[in-house]
Amino acid sequence: MQKINSRRFFQKSFDLRQWARKMAILAKALKFCKYGEAADVLELVQEQLPPPEKNQVLVKILAAPINPSDINTIQGKYPVKPKFPAIAGNECVAKIQEVGSCVKNLKIGQCVVPFVAGLGTWSTHAVYDEDQLLPISDKIGLAEAATLTVNPCTAYRMLKDFVEVLPGHCIIQNGANSAVGQAVHQLCKAWGINSVGVVRDRPDIQDLKNYLKKLGATEVLTEEEVRTSKILKEKQLPKPMLALNCVGGKNATEISRHLDDKGVMVTYGGMAREPIAVATAALIFKDISHRGFWITRWTNENCTAPERFEMFENLLKLIEQKQFIAPVHEMVPLEKYKEATKASLDLKGFAGKKYIFKMQ
């Protein structure tokens, strides 16, 4: 009878188990092969993932939010055009499960977020390149990590890049209950800046005002109140040099009226789907400027710039210090994508809640 080499036997058994485990990675992903409404064109599919090679890593995605830009991409209305078939989603937080043989700076068990846009994140697992991921502390909350790279970064850059806003200064913004709006108020509080938020009226308006003030808003006004409020006219607060607009239409015109001489309005969204009407007198006599901002363009142009790493470091530090929290949100399973994608694009602006896929 042939003698069995126990060491070789157990090594082969271990190798077979490793091989079987790698081959057994089945990912559930939301894919689309044509443009249209998310509930109509998205399909939840299962696919087997290969083990990571060389500079690749296999990650288990823990949570991934639904942003309006994600829905617009699926509709074909966004400047970013994916190659079909495409996995939807642009943000997530994930944990590394396996690494390729040439991976140097990431290790199994680390938490990571996407470092580049357009990876496709509405999936339970994925294989990404090492340089497409940014490692973060596992002390960061699930919702905060999942929503780190779009809305907080948009708020951060708009406050930093257009006007020098110093402690004691004031900014004004509409859509103040949006995810970006909530981020703006928190950053302003952390940096000692006064922030005035404008929101649409609603039955629970006082509750909303109280919540935004708890986040850091100095004052919160409805669209009707901002037309008559004397908080800026009577110098209870300094006149803002910066206005942030995600609504458009008359709402944008009203907040621009409060800008100081040579003030700047930055537009980063258009929820009202109405053009911005610029007051002629403000342009001529106050020299008001209008600018636009798109975080994807900024990221592409500054992908490895020191300012970007500094931004992530500062944001993560604020989160760890409990000075910055995720926007109001609801965790939903991937299987409820139809209901969640429909609810996420609320044109009435009353929801004020972000939906986040929590992977099982």
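Keep in mind the model is a prediction, meaning the values are calculated, not measured.

As for the pattern of salt bridges
For the coordinates displayed, the defined rule picks out 10 salt bridges. Salt-bridge contacts for E47 lead to K31; the nearest nitrogen and oxygen are separated by 2.9 Å. Here K31 lies in strand 1 (residues 26-32) and E47 lies in strand 2 (residues 43-48), a separation of 16 residues in the sequence. Given the relative accessible area of 23%, E47 is considered partly exposed. The residue D287 makes a salt bridge to K262 at a minimum N-O spacing of 3.0 Å. With D287 in the loop between helix 10 (280-285) and strand 14 (289-292) and K262 in the loop between helix 9 (249-256) and strand 13 (264-267), this pair connects stretches of sequence that are 25 residues apart. Here the residues in one salt-bridge network are R227, E254 and R257, joined through shared partners.

Things to note about the sheet that holds strand 11 (residues 219-222)
As summarised here, the arrangement of the 6 strands in space is 11-10-9-12-13-14, forming an open sheet in which the pairing is parallel. A single partner strand is all that each edge strand has here, and the edge strands are strand 11 and strand 14. Ignoring which end each strand starts from, the neighbouring axes of this sheet average 20 degrees apart. Sheet topology note: the strand 9 (residues 170-174)/strand 10 (residues 194-199) ladder contains 5 bridges and is parallel. Note that in strand 10 the partner of N174 across the bridge is V198. Of the strands in this sheet, strand 9, strand 12 (242-245) and strand 13 are in contact with helix 5 (residues 151-161), which crosses strand 12 at around 150 degrees. Sitting on the sheet, helix 9 touches strand 9, strand 10, strand 12 and strand 13, and the angle it makes with strand 9 is about 170 degrees.

Let's talk about the sheet that holds strand 2
Pairing is antiparallel across the open sheet formed by 3 strands, whose spatial order is 2-1-4. The open sheet has two edge strands, strand 2 and strand 4 (86-87), and neither has a second partner.

Quick look at the packing of helix 6 (residues 179-191) against helix 7 (residues 205-215)
Packing of helix 6 against helix 7 leaves a shortest axis separation of 8 Å and a crossing angle of 45 degrees. The orientation of helix 6 relative to helix 7 falls into the category oblique. Here helix 6 contributes Q182, H185, Q186 and K189 to the contact with helix 7, which in turn contributes Y211, L212, K214 and L215. Split into classes, the residues belonging to the contact of helix 6 with helix 7 amount to 3 nonpolar, 3 polar and 2 charged.

Some remarks on the domain arrangement of the protein
Domain boundaries in the protein define domain 1 (25-147 + 327-358) and domain 2 (151-297). Taking the mean C-alpha position of each, domain 1 and domain 2 sit 30 Å from one another. Between domain 1 and domain 2, the residue contacts involve 13 residues of the former and 12 residues of the latter. For the pair domain 1 and domain 2, the summed buried surface comes to about 1,100 Å²; carbon and sulfur atoms form 50% of the total. There are 0 salt bridges connecting domain 1 and domain 2. The interface formed by domain 1 and domain 2 contains 3 residue pairs in polar contact (both at pLDDT 80 or more). Looking at side-chain class alone, the side of domain 1 that touches domain 2 contains 7 nonpolar, 4 polar and 2 charged residues.

So, how was this worked out
Residues numbered from 1 in each chain as written. Predicted model: local features only at pLDDT ≥ 70, side-chain atom pairs only at ≥ 80, totals over all residues. Heavy atoms only, no water. Salt bridge = Lys/Arg side-chain N within 4 Å of Asp/Glu carboxyl O. Helix = DSSP H or I, 4+ residues; strand = E, 2+ residues; numbered from the N terminus. Buried < 20%, exposed > 50% of the residue type's maximum accessible area, 1.4 Å probe, protein only. Pairing = 2+ DSSP bridges. Axes fitted to C-alpha atoms, helices over the stretch in contact; angles between N-to-C directions. Contact = heavy atoms within 4.5 Å. Parallel < 35°, antiparallel > 145°, perpendicular 65-115°, else oblique. Nonpolar A, V, L, I, M, F, W, Y, C, P; charged D, E, K, R; others polar. Domains from an automatic or database assignment. Buried area = accessible area lost by both parts, 1.4 Å probe. Polar contact = N/O pair within 3.5 Å; in protein donor to acceptor, adjacent residues only side chain to side chain.

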